[in-house]
Amino acid sequence: MATLKTLVYLILYPGLLFIFFYSTFAEWYDRKLYARLQNRMGPTHTGRAGVLQPIADFIKLMSKEDIVPERADRGMFRALPAFGLAIVSTGMLLLPVWNYSLSNPSATSFSGDIVVLLYILSLPTFIFFLAGWSSTNLFSTVGATRVLTMLFGYEVPLFLTVLTPAVLANSWRLAEIAAFYRHHPWLALLNIPAFIIALICVQAKLERTPFDIPHAETEIVGGTFTEYSGKKLALFRLMMDVELVVAAGLLATVFLGGFPGGLLPGLINFIIKTLLVIFLLSLLRATTSRIRVDQVISLSWRYLAPLAVIQLLVIIFIKGLIS
Amino acid sequence: MSFQIPIGPQHPALKEPIGVRVTVDGEIIREADLRLGYNHRGVEKLAEQKTWTQNIYLMERICGICSHSHATCYVQGVEKLMEIEPPKRGLYIRILVSELERVHSHLLWLGVAGHEAGFDSFFMYVWRDREIVMDILETISGNRVHYAINAIGGVRRDLDELQIKHILDSLELLRQRSAYYQKLGTTEPSFVARLAGVGYLSREDAIELCAVGPTLRASGVPMDVRKDDPYAVYDEVPFEVCTADSCDVLGRTVVRIKELLQSYNIIEFLLKNLPAGPIAVRAPRRAKPNEVVSRYEAPRGENIHYIKSNGSDKPERLKVRAPTLANYAATIKMLKNGFIADVPLIFAAIDPCICCAERSVAIVDARTAQERIVTMSSLRELSLKTAKYQTRKREAEWPL
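For the structure given in this document, a descriptive report is provided here.

Looking at the packing of aromatic side chains
What the rule picks out here adds up to 23 aromatic pairs over all chains. Geometrically, the ring pair formed by A:Phe225 and A:Phe236 is tilted, given 5.0 Å between the ring centres and 45° between the ring planes. Of this pair, A:Phe225 sits in the loop between helix H10 (217-220) and helix H11 (230-255) while A:Phe236 sits in helix H11; the two residues are 11 residues apart in sequence, bridging distant segments of the chain. We note that A:Phe225, like A:Phe236, is buried. By way of ring pairs, the aromatic residues A:Phe18, A:Tyr22, A:Phe25, A:Trp28 and A:Phe270 are connected into one cluster. Over the ring of B:Trp127 we find B:Arg130, and its NZ or CZ is 5.2 Å from the ring centre. In this structure, B:Lys227 is placed above the aromatic ring of B:Phe239, and the distance from its NZ or CZ to the ring centre is 4.3 Å.

Some remarks on the sheet that holds strand E1 (residues 2-7) of chain B
Residues and elements named next belong to chain B. Strands sit in the order E1-E2-E3 across an open sheet of three strands; the sheet is antiparallel. Two strands lie at the open edges of the sheet, namely E1 and strand E3 (28-35), each paired on one side alone. Ignoring which end each strand starts from, the neighbouring axes of this sheet average 20° apart. As defined by bridge partners, strand E2 (residues 19-25) adjoins E3 across seven bridges and the pair is classed as antiparallel. Looking at E3, one finds that Val24 is bridged to Ile29.

Overview of the interface of chain B and chain A
Of the residues lining the interface, 35 residues belong to chain B; the matching set on chain A comes to 27 residues. Together, the buried faces of chain B and chain A total about 2,700 Å²; carbon and sulfur atoms form 54% of this surface. The interface formed by chain B and chain A includes one salt bridge. A salt bridge links A:Arg292 to B:Asp342, with the nearest nitrogen and oxygen atoms 3.4 Å apart. At the surface where chain B touches chain A, the tally comes to nine residue pairs in polar contact (both at pLDDT 80 or more). Elements with a minimum of two residues in the side of chain B that touches chain A: E1, helix H4 (88-116), helix H5 (120-141) and helix H7 (189-195) of chain B.

Some remarks on the nonpolar core
The biggest cluster of nonpolar side chains holds 90 residues, and the ones touching the most others in it are A:Met92, A:Phe236, A:Leu251 and A:Phe270. Broken down by element, this core gets its largest block of residues, 16 residues, from H11(A). When residues no more than four places from it in sequence are discounted, the contact partners of A:Phe236 are A:Leu80, A:Pro81, A:Ile127, A:Phe128, A:Ala131, A:Phe225 and A:Tyr228. Of all hydrophobic cores here, the second largest spans 87 residues; its members include B:Tyr92, B:Leu174, B:Val249 and B:Phe347.

Some words on the side chain of A:Glu155
With respect to the element layout, A:Glu155 can be found in helix H6 (residues 138-169). In this structure A:Glu155 touches A:Ser122 and A:Lys205, once residues within four positions along its chain are discounted.

Focus: unusual backbone geometry
Cis geometry is adopted by the peptide bond preceding A:Pro210, which originates at A:Thr209 and carries an omega value of 5°. Considering the arrangement of structural elements, one finds A:Pro210 in the loop between helix H9 (192-205) and H10. We note that B:Glu83 has phi near 55°; this positive angle belongs to a residue other than glycine. As for its position among the elements, B:Glu83 is in the loop between helix H3 (67-82) and H4. The exposed category is assigned to B:Glu83, whose relative accessible area is 56%. Look at B:Ala148: it is not a glycine, yet its phi comes out positive at around 50°. Along the chain, B:Ala148 falls in the loop between H5 and strand E4 (150-151).

Structural notes on a nonpolar patch on the surface
All names here are of chain A. Judged by side-chain polarity, Met1, Leu4, Leu7, Val8, Leu10, Ile11, Leu12, Leu17 and Phe21 come together as a nonpolar surface patch covering roughly 890 Å² of accessible area. Where the nonpolar patch is concerned, the elements lending two or more residues are helix H1 (2-11) and helix H2 (16-37). Position of Leu17 among the secondary structure elements: in helix H2.

Side note on the sheet that holds strand E8 (residues 315-321) of chain B
Residue and element names in this part refer to chain B. Ordered by their spatial adjacency, three strands build an open sheet running E6-E7-E8, and the pairing between neighbours is antiparallel. In the strand order of this sheet, the two ends are held by strand E6 (290-298) and E8, each with one partner. Here the average twist between neighbouring strands, direction ignored, is 15°. Bridge analysis of strand E7 (residues 301-309) against E8 gives six bridges, and the strand direction is antiparallel. Following the sheet pairing, Ile304 is matched in E8 by Arg321.

Some thoughts on the packing of H2(A) against helix H3 (residues 53-62) of chain A
Residues and elements named next belong to chain A. Two elements in contact, H2 and H3, have axes separated by 8 Å at closest approach and are oriented at 115°. On the basis of the axis angle, H2 is roughly perpendicular to H3. Between H2 and H3, the contacting residues are Phe20, Phe21, Thr24, Glu27, Trp28 and Arg31 on the first element and Gln53, Pro54, Ile55, Asp57 and Phe58 on the second. Split by residue class, the contact of H2 with H3 holds six nonpolar, two polar and three charged.

Criteria and thresholds
- Residues numbered from 1 in each chain as written.
- Chains lettered and ligands numbered in written order.
- Predicted model: local features only at pLDDT ≥ 70, side-chain atom pairs only at ≥ 80, totals over all residues.
- Heavy atoms only, no water.
- Phe/Tyr/Trp six-rings, centres within 6.5 Å; stacked < 30°, edge-to-face > 60°.
- Helix = DSSP H or I, 4+ residues; strand = E, 2+ residues; numbered from the N terminus.
- Buried < 20%, exposed > 50% of the residue type's maximum accessible area, 1.4 Å probe, protein only.
- Lys NZ or Arg CZ within 6 Å of the ring centre and 35° of its normal.
- Pairing = 2+ DSSP bridges.
- Axes fitted to C-alpha atoms, helices over the stretch in contact; angles between N-to-C directions.
- Contact = heavy atoms within 4.5 Å.
- Buried area = accessible area lost by both parts, 1.4 Å probe.
- Salt bridge = Lys/Arg side-chain N within 4 Å of Asp/Glu carboxyl O.
- Polar contact = N/O pair within 3.5 Å; in protein donor to acceptor, adjacent residues only side chain to side chain.
- Core = buried A, V, L, I, M, F, W, Y, C linked by side-chain atoms within 4.5 Å.
- Patch = residues over 30% accessible without salt bridge, like charges linked within 9 Å, V, L, I, M, F, W, Y side chains within 5 Å.
- Areas by Shrake-Rupley, 256 points an atom, 1.4 Å probe, with all protein chains shown as cover.
- Parallel < 35°, antiparallel > 145°, perpendicular 65-115°, else oblique.
- Nonpolar A, V, L, I, M, F, W, Y, C, P; charged D, E, K, R; others polar.

Remember that the coordinates give geometry; whether it matters functionally is a separate question.
Spelled out as structure tokens, the structure:
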């Protein structure tokens, strides 16, 4: 019975199947919103209002010819997409939607899971770097170096701002942090500057405009993914969708009070709150132009990191006041 | 570590084939090399086999964006050769279309600049509003791209009151939108951060390297054929030459937006002062032996046609110098010491129209760097020879 439950947990909900459908839905939502903000229609044909378009794209890519360049590191080149998808899907399991029980920490909800989740979210960046590097294409190589250069910019402010609410809530467990802010909603308001900084950093982590520098098509063609095609590209695209959902889920947990209410209300909360975060990310994507990689570094070290440090100091000070 | 990156002949940033080899040191460009000749069409040779009238339509097809520019430049030259003077109304309609073309070309460029900078929302909005001017052009000429409005000795279609009213109404909307894009393009922080200081071309360099059009004017040189050597009725039309002093891509954007606003004024003036009368005079079939150079300010800069006649109904020689060709030398200068990220922007900022500029085949020997011009027949022999002896390689060497 326990094995069956674990299998259902891993394959159906909240495992791969749910992740697949929800992340493709998130991609549709992002694409539709982006298109409407640009005065375009966006996907319309497949399914109602084009909602099945990302799935259609996925199936189409899966059936396309899959080429591995002869000069590429074949093993690495093949393994990376699956490896990356596995990593971000694991991140999904850590979100406190399905392990909402506060009193009994489980294998996927424990003290310190926020750090694990941040760690898991850093890994895709290295996957992208290795993907670009192992393709040995010039455009991929430039894309790969850009991935790493950007990482040095946004990672520190992201960690600082995501850990700020945890400091105030005095917990390293996602479910407990969320519960803390549900009980003290006005304290969540203190984290608004951190939320804004974290949004910008997540946008950079997801490599979306204005930070779509590693695969800026007008500069370096496909960037890190220049040599990828067929199934591998499909998996990479799915991976990016899942990463979008996980990152949105993380922000919704620590800044927007998590997903209370048990199985079904928790799920509804999850969908509404992640869509809200994705809405903000899409808005940022539609209203900005791509910046240069050196501008990312100066932006994060001149403005984002100092602001994050100030925010952290303010939170520590306030924590001292209220306790 | 420095390595070479090939931009083109096929690259998402380039809509037409051209090769740019950039030698980069990390993200910084140390050396740039331009390779032309991927799209030679033999237009000039073809022109020698067609009559004066047929050539108007051939000239129109040199470029898809400034189609009217080449046709007008050619027609003006032929009119000089034939010593005929088109009627006023015809000239007014001719330059009305050329200003509308400038508007559509500059709006197109603005959108492309947005896209190259990764600002796709800007691109979508500008191109939506470009449809307004495309509609105007369609109401005037019946076509969106190749207007076919020119005839030797005037124009082919007249304007009526209803069309004039439609154009004036649409113009209001375009004015508002352009003012908004001016605000957006010059104040949106991430967009300005991408454009300001990129592709610096000093005033001296711009003059020395013979840059033309908005590229030259953005370096602070007020040079415009419409003002310096007025053709058609530009001496009667009030307008200003727009310049900028920042010498970078932002300056080129500002110049183009300012020119848009000037063009709206010109269009309004032309429509409100449209003289009555015929739109064309009858042209002779032949031109006396003579030669002429015709200049025209295309949206991209100065366009030059050299036409030589020998008394028959066909030109003996027709030479086209498209504005893009004049800007290539300056582009190399602008690319040096920039970032890879700026290549598409700098390149787009001259508004390249590569197919218009492709005129001759030059073969550069990679080992000795010797350049030679070859004839078509020897080129054909060479290709046959190469195809015969070269077996197809399984994996082509990376060409660096």
